[in-house]
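If you want the building blocks of each chain, they are given just below.
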Amino acid sequence: MNHIPVLIIGGGAAGMAAALAAAKRLSELKPDINPGEYITLLERESAPGGVLRQCIHHGFGLTRFSSDLTGVEYMRRFSEPFLTSGIRFRPDTSALHIFPDRTVSVSGLHTGRARLAFDHLILASGCYERSFWSLTPAGTRPSGIYAAGEAQYLINCCHKSIGEQAVVLGSGDMGQILARRMVLEGKKVLAVIEKNPVCGGLRKNQQECLEKYQIPVLLSSTVLAVHGESRITGVTVQNLQTQEDTFLPCDTLISAVGLIPEQRILDRSLTKDRLPEWISLCGNCHHVHKIVDSVTLQAEEAGREAVEKTLKDY
Amino acid sequence: MRILDGQPSVYDTVIIGGGLLGCFCALNLARCSLKTLLLEKREDVCTGISKANTAVIYPGYDNRPGTLKTTLTLKANRDFEKLCQKLNVSFSRCGSLLISEGPKGRQTVEKKYRQGIENQIPGLKLLSARELSELEPGLTPKASLGLYAPSAGTVHPWELCIAAWEAAKELGAQTMFHSEVTGICKKDAYFHLEINHKHTVLSRSVINCAGILADQVQALYTEPVIRIRPELAEYMLFEPEKKDLLKHIIFYETEEKGISLVPTLNGKILAGPVNRPANADSPLSTSDAGQKKLLAESEKILPKIAEEKKLRSFSGLRPNPYDPADPQRSLRGMEPLITDTKDGLISLIGIKTPGLTCSHELGKLIRDKVLDFLHIDPVVKEIPPRPVFREYSENPACQKILCRCEGITSGEVLDAIQRGATTIDGVKKRTGSGMGLCQGSHCSPRIAEILSSTLSVPMEQITKDGPGSCYLSPGCQRNLL
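In this text the structure is predicted, and so the values were computed from the model without any measurement.

Q: Can you walk me through the overall build of chain B in this structure?
A: Of the regular secondary structure elements, chain B holds 13 helices and 23 strands. Expressed as lengths along the three principal axes of its C-alpha atoms, the size of chain B is roughly 70 × 55 × 40 Å. Among the 481 residues that make up chain B, the fraction classed as buried is 60%. Intrachain contacts of chain B at a sequence separation of at least 6 include 71% that bridge at least 24 residues.

Structure representation (structure tokens):
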């Protein structure tokens, strides 16, 4: 089994920043070591970028680059140097499980099933979305209900139309951005539903996504029930203060009800509270960051530290 | 009436309904080299009653000794490993605990224990509160008495149903999807079955396994002596982080019929059912009250389940049989309700628990009745080894993970499509994709893309589970037409 000094799982904002910072530190400390021998990055998709690939809206890089970039532009600032850095990049490869003996099982297009050994692991696996179905709503189980990230992927990466009349559940940044995206696609957004008495997300997004397009927000409300047998035909929205129910006809429900740090591949013996020193978590798998700029900062530090730590025994 | 393909298609037997019973009837009849046709109204097998149930293989103490139900259950339970081996499906004989609280619950447990002893169920044992907590430490300390049945088990109903169908296909049984039977009459020796008001197929015998609509199908031919009052059964699935949170199936008997908790084969905990009345055409739906009750009952049995993540809730259909001459008279709990017109049409109306357990046994029973009617000497072939589709799942180039939660690869999805999946749910039923915490939000677009390219249809036509349930915008479908 080939030993990988620094293995990075995930090629999104965090993974790429960690890899580039690690390579830079390596060239500073040991310029004779080839970064491809030292650093490997696993990415489940065929190209790096992670969720930034589907973020065509702007608002990225304000602190890092002092300019207002789209997610894709922000991504390019890292993916282009990353792909030419000589760091070993394994696309289409998923890490399945991280074992306490410093190995990881992987599955991918180019590797098949394999087990990799490493000295230090940087987990940069991002988040997954809390599913609408985990809220166990009443009613039917039709098609036309998308998680926000799923909707965003379909619209921005697959160039598909997902529906004509949408209701968005959750007024956080994801919900707001998707509501605006639907309007820009020429679709109708009936309402953004928010369980709290105030709208979520950044104030900037409220103005630019909702107010500018006059998308109504129903506060202190939730989706109580789903209607429609094959395709969704509407939702019952309940006002949590008045207990009043309203039926909103729609053919699409976009659910943006929260992000959960993706740590499921850690062996159960490696819980977050007693994480061994040979694993570091960075980016959204550590905690959900408000802006990508802070993901980058945290990841760069993890990348540098990983090199410094592992070089001692190399 | 137009005959399909201009030629009258003549079969020895036609089975109406591709649920567990239909598929096992098809398998057992195809084993006798009968020309067999399975008619299914929807896009896939296993879409009705069989789709959502408790997934339990019962030990056989719920019915009186000597009854057909008991005989079939005992035989089915004893032979279940063998069946699952032949069909290459998973089965876990995890054992069950019937637990009680209160005097009435205690009586039920004691009665079932006596019945179970009479039925000679292996390993049956009454357990004290202490023994219960040793066997299943997470259980409520309030459980004062338990009945342990080591022979109870759990199976994946979709997997079993699809495996039976695939084995039936391997033996030559044919299937027609999107084919609703709209008329049945008999001329000379042949039943004429009208399909979708358009085509006709001819058959010497008919087996009605139409599930929730079985009484309505029977009524196309003769007035049914059993009618169905549909019920919705609500369930909830949990994803326990602690994989040993529950090891046995728990049946909970309090003053009224309680729920079950089942540790499923894919590491989830299934809670349910909570039942409520429905109509035959009412869509599968959950209710606010049902969900609350499920959660409360689950926590009562296994208090720590409150800390675990909920995956989803859903509902299934239950066909409650009653006597149409006396609608107040429920036929629930009666012997398997096999209606035989004696001229070649056999109906299974209102088969409930233990229908899943006995599906193969009932299939064999029906086969014998059909053979008897057709005056055919039974030469029963072995169940063939189920065809295994590994062309893609074993190909190193198809090991890209599409469903991150359940670790399902592109190869497994491609094989599922080779095996007959045409929808996102069809892939889910065959691979287990989309069953994890993200509930398909990552894999659905990717699976839809593969379905689209493999079946050579635009992605806009890919559905979740059949006509009308398009995955993408319903507006796109209109534009395509």
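Q: How do you make sense of the overall build of chain A when you look at a structure like this?
A: For chain A, the helix and strand inventory stands at seven helices and 20 strands. Computed over its C-alpha atoms, the radius of gyration of chain A comes to 21 Å, within 12% of the 20 Å expected for a compact globule of 314 residues. Overall size of chain A, expressed as C-alpha extent along the three principal axes, is 65 × 40 × 35 Å. Within the span of chain A, comprising 314 residues, buried residues form 57% of the whole. Within chain A, contacts between residues at least 6 apart in sequence are counted, and of these 64% link residues at least 24 apart. Roughly 13000 Å² of accessible area belongs to chain A as shown, and the carbon and sulfur atoms make up 51% of that amount.

Q: Explanation requested: the sheet that holds strand β14 (residues 227-239) of chain B in the structure shown.
A: Within a sheet, adjacent strands bond to each other through the backbone by hydrogen bonds, running parallel or antiparallel. Residue and element names in this part refer to chain B. With mixed pairing, the nine strands of this open sheet are ordered in space as β7-β8-β6-β15-β16-β17-β14-β18-β19. The sheet terminates laterally at β7 (125-128) and β19 (326-330), the two strands that pair on one side only. For this sheet, the mean inter-axis angle between neighbouring strands, taken without regard to orientation, is 30 degrees. Bridge count between strand β18 (residues 309-323) and β19: two bridges; the pairing is antiparallel. Note that in β19 the partner of Tyr322 across the bridge is Ser330.

Q: Where do I start with the interface of chain B and chain A in this structure?
A: As a measure of interface size, the accessible area lost when the parts come together is often cited. Contact with chain B, which involves 52 residues of that partner, is made by 44 residues of chain A. Of the roughly 3700 Å² buried between chain B and chain A, counting both surfaces, carbon and sulfur atoms make up 52%. Counting across the interface, chain B meets chain A through four salt bridges. A salt bridge links Arg404 of chain B to Glu262 of chain A, with the shortest nitrogen-to-oxygen separation between them at 3.0 Å. Where chain B packs against chain A, one counts 22 residue pairs in polar contact (both at pLDDT 80 or more). Secondary structure elements with two or more residues in the side of chain B that touches chain A: α8 (288-301), β18, α12 (443-455) and α13 (474-480) of chain B. With six residues, β18 of chain B is the largest single contributor of residues to the side of chain B that touches chain A. In the side of chain B that touches chain A, the residues fall into 20 nonpolar, 17 polar and 15 charged.

Q: I would appreciate a short explanation of empty space enclosed by the protein in the present structure.
A: Gaps left between atoms show up when a probe the size of a water molecule is rolled over them. All names here are of chain B. Inspection of every chain in the model, using the stated rule, returns three cavities of 30 Å³ or more. Estimates place the volume of the largest cavity at around 70 Å³. Looking at side-chain class alone, the lining of the largest cavity contains no nonpolar, three polar and seven charged residues. Each of domain 1 (1-90 + 153-244 + 284-388) and domain 2 (396-480) contributes no fewer than three residues to the lining of the largest cavity.

Q: Before we go on, may I ask you to explain the sheet that holds strand β5 (residues 91-92) of chain B in this structure?
A: All names here are of chain B. Taken in spatial order, the three strands make up an open sheet running β4-β9-β5, and their pairing is antiparallel. Among the strands making up the open sheet, the edge pair consists of β4 (56-57) and β5. Sheet analysis places β4 next to strand β9 (residues 153-155), joined by two bridges and oriented antiparallel. Looking across to β9, one finds that Ile57 is bridged to Gly153.

Q: In this structure, what is going on with the domain arrangement of chain A? I would like to understand it.
A: All names here are of chain A. For chain A, the domain assignment lists domain 1 (3-128 + 260-311) and domain 2 (131-257). For domain 1 and domain 2, the distance between their C-alpha centroids amounts to 32 Å. With eight residues of domain 1 in contact, the opposing surface of domain 2 contributes 11 residues. Interface area for domain 1 against domain 2, summed over the two sides, is near 810 Å², with a carbon-plus-sulfur share of 55%. Per-residue buried area on domain 1 facing domain 2 is highest for Gln54, Ile56 and His57; these three make up 60% of the total on that side. Summed over the shared surface of domain 1 and domain 2, the result is three residue pairs in polar contact (both at pLDDT 80 or more). Split by residue class, the side of domain 1 that touches domain 2 holds two nonpolar, four polar and two charged.

Q: Looking at this structure, I do not really get the domain arrangement of chain B. What am I missing?
A: Residue and element names in this part refer to chain B. For chain B, the domain assignment lists domain 1 (1-90 + 153-244 + 284-388) and domain 2 (396-480). Each of domain 1 and domain 2 has a C-alpha centre, and the two are 26 Å apart. Domain 1 puts 19 residues into the contact, and the matching count from domain 2 is 14 residues. Summing both partners gives a buried area of about 1500 Å² for domain 1 against domain 2, and 51% of it is carried by carbon and sulfur.

Q: What exactly am I supposed to notice about helix α3 (residues 80-87) of chain B here?
A: The α-helix advances 3.6 residues per turn, and as a result positions three or four apart in sequence lie on the same side. Residues and elements named next belong to chain B. Those residues of α3 lying buried are Phe80, Leu83, Cys84 and Leu87. Relative to the axis of α3, the buried residues are bounded by an arc of 95 degrees and lie together on one face. Exposed residues pointing more than 90 degrees away from the buried face of α3 are listed as Lys82 and Gln85. Residue Asn88 follows α3 closely and has a positive phi angle near 60 degrees.

Q: Looking at this structure, I do not really get the packing of aromatic side chains. What am I missing?
A: According to the stated counting rule, one finds 12 aromatic pairs over all chains in the structure shown. With 5.0 Å between their ring centres and 50 degrees between their planes, Phe80 of chain B and Phe91 of chain B make a pair best called tilted. In this pair, Phe80 of chain B is assigned in helix α3 and Phe91 of chain B in strand β5, connecting sequence segments 11 residues apart. The residues Phe80 of chain B and Phe91 of chain B share a single accessibility class, namely buried. Measuring from centroid to centroid gives 5.5 Å for Tyr235 of chain B and Phe314 of chain B, while their planes differ by 20 degrees, and the two rings are stacked. Of this pair, Tyr235 of chain B sits in strand β14 while Phe314 of chain B sits in strand β18; the two residues are 79 residues apart in sequence, bridging distant segments of the chain. Grouping aromatic residues by their ring pairs yields a cluster made of Phe65, Tyr74 and Phe78 of chain A. A cation over an aromatic ring shows up here: Arg115 of chain A above the ring of Phe99 of chain A, its NZ or CZ 3.7 Å from the ring centre.

Q: I keep staring at the environment of Lys187 of chain B and nothing clicks. Help me out?
A: Take Lys187 of chain B: it is sitting in strand β11 (residues 181-187). Here the alpha-carbon distance between Lys187 of chain B and Leu27 of chain B, two residues 160 residues apart in the chain, equals 27 Å.

Q: Can you walk me through the pattern of salt bridges in this structure?
A: Side-chain pairing between opposite charges can occur once the charged atoms of the two side chains come close. Evaluated as defined, the whole model comprises 42 salt bridges over all chains. The residue Glu262 of chain A makes a salt bridge to Arg264 of chain A at a minimum N-O spacing of 2.8 Å. Note on Glu262 of chain A: relative accessible area 6%, which makes it buried. Between Lys300 of chain B and Glu297 of chain B there is a salt bridge, and its shortest N-O distance comes to 3.3 Å. Taken together, the positions of Lys300 of chain B and Glu297 of chain B, both in helix α8 and three residues apart, correspond to about one turn of that helix. Bridged by salt links that share partners, the residues Lys75, Arg78, Asp79, Lys82, Glu361 and Lys364 of chain B form one connected network.

Q: Got a minute to help me understand the nonpolar core in this structure?
A: The nonpolar side chains of a soluble globular protein tend to be buried with one another. Among the nonpolar cores identified, the biggest contains 68 residues, and Leu154, Ile162 and Ile254 of chain A together with Tyr61, Val413 and Tyr471 of chain B are the most heavily contacted of them. Once you skip the residues sitting within four places of it in the chain, Ile162 of chain A turns out to touch Tyr146, Ala151, Leu154, Ile155, Met182, Arg231, Thr252 and Ile254 of chain A together with Leu472, Ser473 and Pro474 of chain B. Core analysis: the second largest hydrophobic core is formed by 49 residues, Cys25, Cys161, Leu348 and Cys358 of chain B among them.

Q: Just to check I follow, could you spell out the state of the cysteines for this structure?
A: Disulfide: a covalent bond connecting the sulfur atoms of a pair of cysteines. Residue and element names in this part refer to chain A. Applying the stated criterion across every chain, the model contains zero disulfides over all chains. No disulfide involves Cys55; its nearest neighbouring cysteine sulfur is the one of Cys157, lying 8.8 Å away. No disulfide involves Cys199; its nearest neighbouring cysteine sulfur is the one of Cys209, lying 9.7 Å away. On the basis of relative accessibility, which here comes to 22%, the residue Cys199 falls in the partly exposed class.

Reading the values: the criteria
- Residues numbered from 1 in each chain as written.
- Chains lettered and ligands numbered in written order.
- Predicted model: local features only at pLDDT ≥ 70, side-chain atom pairs only at ≥ 80, totals over all residues.
- Heavy atoms only, no water.
- Helix = DSSP H or I, 4+ residues; strand = E, 2+ residues; numbered from the N terminus.
- Buried < 20%, exposed > 50% of the residue type's maximum accessible area, 1.4 Å probe, protein only.
- Contact = heavy atoms within 4.5 Å.
- Rg over C-alpha atoms; globule rule 2.2 N^0.38 Å.
- Areas by Shrake-Rupley, 256 points an atom, 1.4 Å probe, with all protein chains shown as cover.
- Pairing = 2+ DSSP bridges.
- Axes fitted to C-alpha atoms, helices over the stretch in contact; angles between N-to-C directions.
- Buried area = accessible area lost by both parts, 1.4 Å probe.
- Salt bridge = Lys/Arg side-chain N within 4 Å of Asp/Glu carboxyl O.
- Polar contact = N/O pair within 3.5 Å; in protein donor to acceptor, adjacent residues only side chain to side chain.
- Nonpolar A, V, L, I, M, F, W, Y, C, P; charged D, E, K, R; others polar.
- 1 Å grid on protein atoms, 1.4 Å probe; cavity = no way out; pocket = protein on both sides within 12 Å on 5 of 7 lines; lining within 4 Å.
- Points joined across faces, edges and corners; volume = space filled by probe spheres on them.
- Domains from an automatic or database assignment.
- Arc of directions from axis to C-beta.
- Phe/Tyr/Trp six-rings, centres within 6.5 Å; stacked < 30°, edge-to-face > 60°.
- Lys NZ or Arg CZ within 6 Å of the ring centre and 35° of its normal.
- Core = buried A, V, L, I, M, F, W, Y, C linked by side-chain atoms within 4.5 Å.
- Disulfide = S-S within 2.5 Å.

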